[in-house]
Amino acid sequence: MRSAMRLGYNTNGTTGHRWDQAIELMAECGYRSVAITVDHHCLDPFSEKLANELDRMRRLLDRFQMTSVIETGARFLLDPCHKHEPTLVSPAADARAVRVDFLRRCIQLAKELNSDAVSFWAGILRDDAPDQVAYQRLADGCQAVLDTAVAAGVRLAFEPEPGMLVQTFDDYRRLLAMVDGPGFGLAVDIGHVHCLESQSISAGLSEWRDRLYTLHIEDMHRGVHDHLRFGEGTIDFPPVFRTLKEIGYTGSVNVELSRHSHVAPEVMRESFEFLSPLVS
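Residue numbering note: each chain is counted from 1, following its sequence as written. In keeping with the model being predicted, local features are shown solely for residues with a pLDDT of at least 70 and side-chain atom pairs are shown and tallied solely at 80 or more, while totals for entire chains, interfaces and linings include all residues. To obtain the side-chain values, all non-hydrogen atoms of the structure were used and water was disregarded.

Details of the pairing of strand β1 (residues 6-10)
The line we're drawing: In this scheme, a residue with accessible area under 20% of its type's maximum is buried, one over 50% is exposed, and one in between is partly exposed, where area comes from a 1.4 Å probe on protein chains only. Helix and strand definitions here come from DSSP, where helices need a minimum of 4 consecutive H or I residues and strands a minimum of 2 consecutive E residues; each element is numbered from the N-terminal end. Should DSSP find at least two bridges between two strands, the strands are regarded as paired.
Judged by how many residues are buried, β1 sits mostly within the fold: four of five residues are covered. Pairing of β1 with strand β10 (residues 252-255) involves four bridges; the strand directions are parallel. Directly across from Tyr 9, in β10, lies its bridge partner Val 255. Across three bridges, β1 lies against strand β2 (residues 33-37) in parallel orientation.

Some thoughts on the side chain of Ser 33
As a reminder of what qualifies: Any pair of N or O atoms that falls within 3.5 Å is considered a polar contact. Within protein, one atom must be able to donate a hydrogen and the other to accept it, and sequence-neighbouring residues count only if both atoms are side-chain atoms.
For Ser 33, the location among the structural elements is in strand β2. Side-chain polar atoms of Ser 33 contact the side chain of Asn 254, separated by 3.0 Å.

Brief notes about the sheet that holds β2
Selection criterion: Angles here are taken between N-to-C directions and fall from 0 to 180 degrees, while the axes themselves are lines fitted to C-alpha atoms, restricted in helices to the stretch in contact.
Spatial strand order, β1-β2-β3-β4-β5-β6-β7-β10: eight strands in a closed barrel with parallel pairing. Shown here is a sheet whose adjacent strand axes are inclined to one another by a mean of 30°, direction ignored. Note that strand β4 (residues 118-120) and strand β5 (residues 156-158) share three bridges and pair parallel. Considered in β5, the bridge of Phe 120 is made with Phe 158.

Quick notes on the environment of Phe 237
Under the convention used in this document: Residue contacts are counted whenever heavy atoms from the two residues lie within 4.5 Å of one another.
Topologically, Phe 237 is positioned in helix α8 (residues 237-246). Sequence separation between Phe 237 and Leu 278 is 41 residues; the distance between their C-alpha atoms is 7.9 Å. Residue contacts for Phe 237: discarding those within four places in its chain leaves Ile 217, Glu 218, Asp 219, Phe 230, Phe 274 and Leu 278.

Re the nonpolar core
Condition: For this analysis, a nonpolar core means a set of buried residues of the types Ala, Val, Leu, Ile, Met, Phe, Trp, Tyr and Cys, connected via side-chain atoms within 4.5 Å.
One finds Leu 138, Phe 158, Phe 184, Leu 205 and Phe 241 to be the most contacted residues of the largest nonpolar core, which totals 88 residues. Sort the elements by how many residues they give to this core and helix α4 (residues 131-152) lands first, with 10 residues. Phe 241 has contacts with Met 5, Ile 217, Val 253, Leu 275, Leu 278 and Val 279, leaving out every residue within four places of it along the chain.

A few points about unusual backbone geometry
Residue Glu 85 is joined to Pro 86 through a cis peptide bond whose omega torsion reads -10°. Its place among the elements puts Pro 86 in the loop between β3 (67-71) and α3 (93-113). Located in the positive-phi region is Gln 65, a residue other than glycine, with phi close to 55°. With respect to the helices, strands and loops of the structure, Gln 65 is situated in the loop between α2 (50-64) and β3. The class of Gln 65 is exposed, set by a relative accessible area of 61%. Phi at Asn 114 is positive, roughly 55°, even though this residue is not glycine. Summarising the element assignment, Asn 114 is placed in the loop between α3 and β4.

A closer look at the side chain of Thr 168
With respect to the element layout, Thr 168 can be found in the loop between β5 and α5 (169-176). We classify Thr 168 as buried; its relative accessible area is 16%. Once residues lying within four places of it in the same chain are set aside, the contact partners of Thr 168 are Pro 160 and Glu 197.

Overview of α4
Operational definition: Each helix should span, by expectation, one fewer than its residue count multiplied by 1.5 Å.
The end-to-end C-alpha separation of α4 is 31 Å, in line with the 32 Å expected for 22 residues at 1.5 Å each. Of the residues flanking the end of α4, it is Gly 153, one or two places downstream, whose phi is positive at about 75°.

Considering the packing of α3 against α4
Short version of the rule: Here the angle decides the label: under 35 degrees means roughly parallel, over 145 means roughly antiparallel, 65 to 115 means roughly perpendicular, and every other value means oblique. By definition, any crossing whose near helix is turned counterclockwise from its far helix by less than a right angle is left-handed, and any crossing with a clockwise turn is right-handed. Asp, Glu, Lys and Arg are counted as charged, while Ala, Val, Leu, Ile, Met, Phe, Trp, Tyr, Cys and Pro are counted as nonpolar; the rest, among them Gly, fall into the polar class.
Here α3 crosses α4 at 25°, and the two axes come no closer than 10 Å. Considered as vectors, α3 and α4 are oriented roughly parallel to each other. Remark: the crossing between α3 and α4 carries right-handed chirality. Of the residues in α4, those in contact with Arg 96, Val 100, Leu 103, Arg 104, Ile 107, Gln 108 and Lys 111 of α3 are Arg 137, Gly 141, Ala 144, Val 145, Thr 148, Ala 149 and Ala 152. Grouping the constituent residues of the contact of α3 with α4 by class yields seven nonpolar, three polar and four charged.

Structural data, given as structure tokens:
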């Protein structure tokens, strides 16, 4: 773990920029972490130019003394027609294998960049499979990915996501009973907790303190999964950061505003100005 909490920004909110320009803008704002959403235009693991891009990314992160997390939520990287597909809960085994292969490639990226973790999620259940079958699909995929991660010395951060098979802490607890091992932790999205969980954000962070590998952050309203700029939702942020300090969290807190790329420089700056007093 790092010695201090670091604010970061997700490249999925900077798709109108070249990724190197986006990271330079982040650094100029004061961010010291970057959530790298692997995509067509950023560290595409299927590209013949990957080795060169990895070298450029490594040098850029070193230059700005930034840590990183590898994010795997690209919309159409694996299927040009269906958003976020295939997943670890897709009906066909060969489709699930495509996602496993992708996650394994991302683990290698994380190893090369010494990233804090690889963040991933379950996926939306697209058929009428019984709950037990769906969870077994997911558990089998997670175990295959975890085996690769353990061998590579990379941590996995599983993210409960609204609308997916695993969307709450209770769902993650069920998965944890089927897949567990060193380095199988959580990517907690503060907005998602506010959106769906019955307990407070602070209570959830405290309960899962030992498995918090990375955090996503944005504003949000209860019951509505819409990532909002800070001040546009109903989250009370000071208690969240007090809790993070109390539990000794030293990972990254990465802003995730993927639908704001058209105003990325503005939103990047205002987000840092909003969050930095809470961190310090």
